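Spelled out, the chains give:
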Amino acid sequence: STYFQFNTEKHTVSMKPAFKLLPSFQSNYCIQFKKGLFKMFLEESERQFGTGHNLAYNFIREYSRYGIGNYPVYYYPRALGIITLPELILSPKFYFQKTTQVYLVEEAGFFEFEFLGHVFGIPTSREYNLVEGNYLRKSQLAKRRTFYPPMRITKITDIDLMLKCIH
């Protein structure tokens, strides 16, 4: 990793000097991160369901490849701690289906998934704003015991990267 040092023996993650707290770095890194999440969605939906080339996802391709548009990514901070196994850090598992994590919400226009202990929600419709409020209410209700309310991330430090559950 360019920005983080993973020590699997001590179960620690630390920031490298390349990781900066400057606002411009934080927002640019967040944009790269968000684009990566959308790209993972396309790849996994194609791999698992054969739907990644769906024309309805053209806006996701435009955003993840070329930076066209600005779509929200919601992050759900954990209210309770999590134990991360070293093998999941070395070989991350992408929890893409609701059946694997009961608190993931299925809602038209949005998709939720868990990756490295973090839960994210992304729009799957260009007109996401029509269902955004309903999605957020439904999702927050499903997660009320184990997660804080969702945050729309704008800088990378909005995410509890170290899973310390500080809110």
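Not measured: the values here are computed from a predicted model.

A few points about the overall build of the protein chain
1) Next: Each helix and strand counted, the protein chain has 4 helices and 7 strands in total.
2) Next: A burial count over the protein chain gives 39% of its 167 residues as buried.
3) Next: Pairs at least 24 apart in sequence give 62% of the contacts found in the protein chain among residues at least 6 apart.
4) Next: Split by element, the accessible area of the protein chain, about 9800 Å² in all, is 55% carbon and sulfur.

Some points on the pattern of salt bridges
1) Next: If you walk through the whole model with that rule in mind, you get 8 salt bridges.
2) Next: Between Glu62 and Arg126 there is a salt bridge; the shortest N-O distance is 3.3 Å. With Glu62 in helix H2 (residues 58-66) and Arg126 in the loop between strand E6 (118-123) and helix H4 (132-143), the pair connects residues that are 64 residues apart, well separated along the chain.
3) Next: Judged by relative accessible area, which is 27%, Glu62 ranks as partly exposed.
4) Next: Its salt-bridge partner being Arg152, residue Glu132 comes within 3.8 Å of it at the nearest N-O pair. Residue Glu132 is located in helix H4, and its partner Arg152 is located in strand E7 (residues 151-152); the two are separated by 20 residues in the primary sequence.
5) Next: Arg152 gets classed as partly exposed once you look at its relative accessible area, which sits at 40%.

Some remarks on helix H1 (residues 23-49)
Given 3.6 residues to a turn, an α-helix orients residues that are three or four positions apart in the same direction.
1) Next: Between its terminal C-alpha atoms H1 stretches 38 Å, which fits the 39 Å expected from 27 residues at 1.5 Å a residue.
2) Next: Looking at the residues trailing H1, positive phi occurs at Gly50, about 70 degrees.

A few points about the packing of aromatic side chains
1) Next: Counting across every chain of the model gives 15 aromatic pairs.
2) Next: Each ring, one from Tyr74 and one from Phe110, has its centre 6.3 Å from the other, and the planes form 55 degrees; the classification is tilted. Separated by 36 residues along the polypeptide, Tyr74 in strand E3 (residues 74-76) and Phe110 in strand E5 (residues 110-115) bring together distant segments of the chain. Here Tyr74 and Phe110 have matching classes, each one buried.
3) Next: With 5.6 Å between their ring centres and 40 degrees between their planes, Tyr75 and Phe120 make a pair best called tilted. One end of the pair, Tyr75, is in strand E3; the other, Phe120, is in strand E6, with 45 residues separating them in the sequence.
4) Next: With relative accessibility at 2%, the residue Tyr75 sits in the buried group.

Reading guide: rules and limits
Residues numbered from 1 in each chain as written. Predicted model: local features only at pLDDT ≥ 70, side-chain atom pairs only at ≥ 80, totals over all residues. Heavy atoms only, no water. Helix = DSSP H or I, 4+ residues; strand = E, 2+ residues; numbered from the N terminus. Buried < 20%, exposed > 50% of the residue type's maximum accessible area, 1.4 Å probe, protein only. Contact = heavy atoms within 4.5 Å. Areas by Shrake-Rupley, 256 points an atom, 1.4 Å probe, with all protein chains shown as cover. Salt bridge = Lys/Arg side-chain N within 4 Å of Asp/Glu carboxyl O. Expected span 1.5 Å × (residues − 1). Phe/Tyr/Trp six-rings, centres within 6.5 Å; stacked < 30°, edge-to-face > 60°.

Such coordinate-based values are descriptive only and should not be taken to indicate function.
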